[in-house]
Amino acid sequence: MRVLLIGSSGQIGFELSRLLPFVCDLSVLEKTHVEPAKPDNLLKAAERIQPDWIINAAAYTKVDDAEANKDEAFAVNSELPGVIARIANMLNSRLVHFSTDYVFDGTKPSPYFETDPVSPINVYGASKAAGEIAVRQFLERHLILRTSWIYSRRRTNFLLTMERLIAERDQIPVVCDQLGAPTSAISVARATVHAILHCGISPNEVTAPLWGSYHVTCSGETSWHGFAAAIRSRLQGSKAELKAILSEKYRTEARRPLNSRLSNMKFESAFSFVMPDWREALDEVYAIGETK
Ligand SMILES: NC(=O)c1ccc[n+]([C@@H]2O[C@H](COP(=O)([O-])OP(=O)(O)OC[C@H]3O[C@@H](n4cnc5c(N)ncnc54)[C@H](OP(=O)(O)O)[C@@H]3O)[C@@H](O)[C@H]2O)c1
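Rules of the game
Residues numbered from 1 in each chain as written. Predicted model: local features only at pLDDT ≥ 70, side-chain atom pairs only at ≥ 80, totals over all residues. Heavy atoms only, no water. Patch = residues over 30% accessible without salt bridge, like charges linked within 9 Å, V, L, I, M, F, W, Y side chains within 5 Å. Areas by Shrake-Rupley, 256 points an atom, 1.4 Å probe, with all protein chains shown as cover. Salt bridge = Lys/Arg side-chain N within 4 Å of Asp/Glu carboxyl O. Helix = DSSP H or I, 4+ residues; strand = E, 2+ residues; numbered from the N terminus. Pairing = 2+ DSSP bridges. Axes fitted to C-alpha atoms, helices over the stretch in contact; angles between N-to-C directions. Contact = heavy atoms within 4.5 Å. Near = heavy atom within 4 Å. Polar contact = N/O pair within 3.5 Å; in protein donor to acceptor, adjacent residues only side chain to side chain. Nonpolar A, V, L, I, M, F, W, Y, C, P; charged D, E, K, R; others polar.

1. Considering a nonpolar patch on the surface
Consideration 1: There is a patch of nonpolar side chains on the surface, built from Phe22, Val23 and Leu197 and spanning about 320 Å² of accessible area.
Consideration 2: Relative to the helices and strands, Phe22 is located in the loop between helix 1 (11-19) and strand 2 (25-29).

2. A short note on the sheet that holds strand 1 (residues 2-6)
Consideration 1: With parallel pairing, the six strands of this open sheet are ordered in space as 2-1-3-4-5-10. The sheet terminates laterally at strand 2 and strand 10 (212-215), the two strands that pair on one side only. Along the sheet, successive strands turn relative to each other by an average axial angle of 20°, direction set aside.
Consideration 2: The pairing of strand 5 (residues 142-147) with strand 10 spans four bridges and is parallel. Bridge pairing in strand 10 links Ile144 to Ser213.
Consideration 3: The strands touched by helix 6 (residues 185-199) within the sheet are strand 1, strand 3 (53-56), strand 4 (94-100) and strand 5, with strand 4 carrying the most contacts at an inclination of about 150°.

3. A short note on the site of the ligand
Consideration 1: Taken together, 23 residues surround the ligand, and among them Ser9, Gln11, Thr61, Tyr124 and Lys128 come closest.
Consideration 2: Between the ligand and the protein, one listed contact pairs an oxygen atom with a backbone N or O atom of Ile12 at 2.9 Å.
Consideration 3: At 3.2 Å from an oxygen atom of the ligand is found a side-chain nitrogen or oxygen belonging to Lys31.
Consideration 4: Alone, the ligand offers 900 Å² of accessible surface; in the complex the protein occludes 84% of this.
Consideration 5: Where the shell around the ligand is concerned, the elements lending two or more residues are helix 1, strand 4 and helix 4 (123-138).
Consideration 6: If one sorts the elements of the shell around the ligand by residue count, strand 4 sits on top with three residues.
Consideration 7: Residue classes in the shell around the ligand are distributed as 10 nonpolar, nine polar and four charged.

As far as function goes, none of this settles anything; it's purely spatial.
Now the structure itself:
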């Protein structure tokens, strides 16, 4: 099985780049090959590779910056997935594309299902929702995997920010009224590899209903404050006080949904795969330690 991975330097992309060589012939593309404005570069590279699967882990993920950089966010999160889906269609490849809880407005009082209507409340969420539409429009053989609150030992994320603040400060205000499931990048990468192996590569191996959108997060739920407390409890000798505050007291450029909880039921039943509890996944990240 040949897999082409786009966005291998990102949190999820990096974990995929470590797992996939065990199960397939993996190719990764440099950023220069995946400029949305130059689809021919991507087409030529993909034609050379003839992938059975393309996995798009590239995205513009700076949620607050996206408010002022709408064009860039839409180019990477909407235009590029459309280009990739068209190329996948031309080459008879399948596509995994990642999306986000931020396609929802967070007003639902319970976890979101894949059938709930999207209603993004920030530019990033709108650009990702547009990317989903583009993928569905150009390619039937797709898996859109919506995940949430991703962290790892790489790049910028809540875990790394909180560890730094806990070391530097005596008191840290943390939002307590946004609910979700912190999800380690390695957990999503494992679920993704499982899903593509489950689908197989021969045209008759997968039945049509498997294609579509799925929620894939760690199980359980907490608030950002609960996540911060779990991080602090795993750091030795940390005394910083975590002050619970409401979102309205913590102004950011982009609004965030209060409810980011996604139900994993559809994914777990379609692919016979159980996502780990978020606390176990956090323990694993601490057990593994630094990622080079
Ligand atoms: N982070 C989260 O909390 C979160 C939550 C829900 C869903 N998701 C979704 O999960 C997926 C992966 O997220 P992540 O956190 O792993 O992402 P990430 O760490 O921010 O990495 C993003 C990847 O996209 C690449 N990229 C950025 N701009 C690009 C451009 N203009 N052209 C080509 N490549 C570009 C980056 O390359 P460089 O290294 O060169 O910048 C990097 O490889 C995304 O679809 C994201 O929307 C993330």
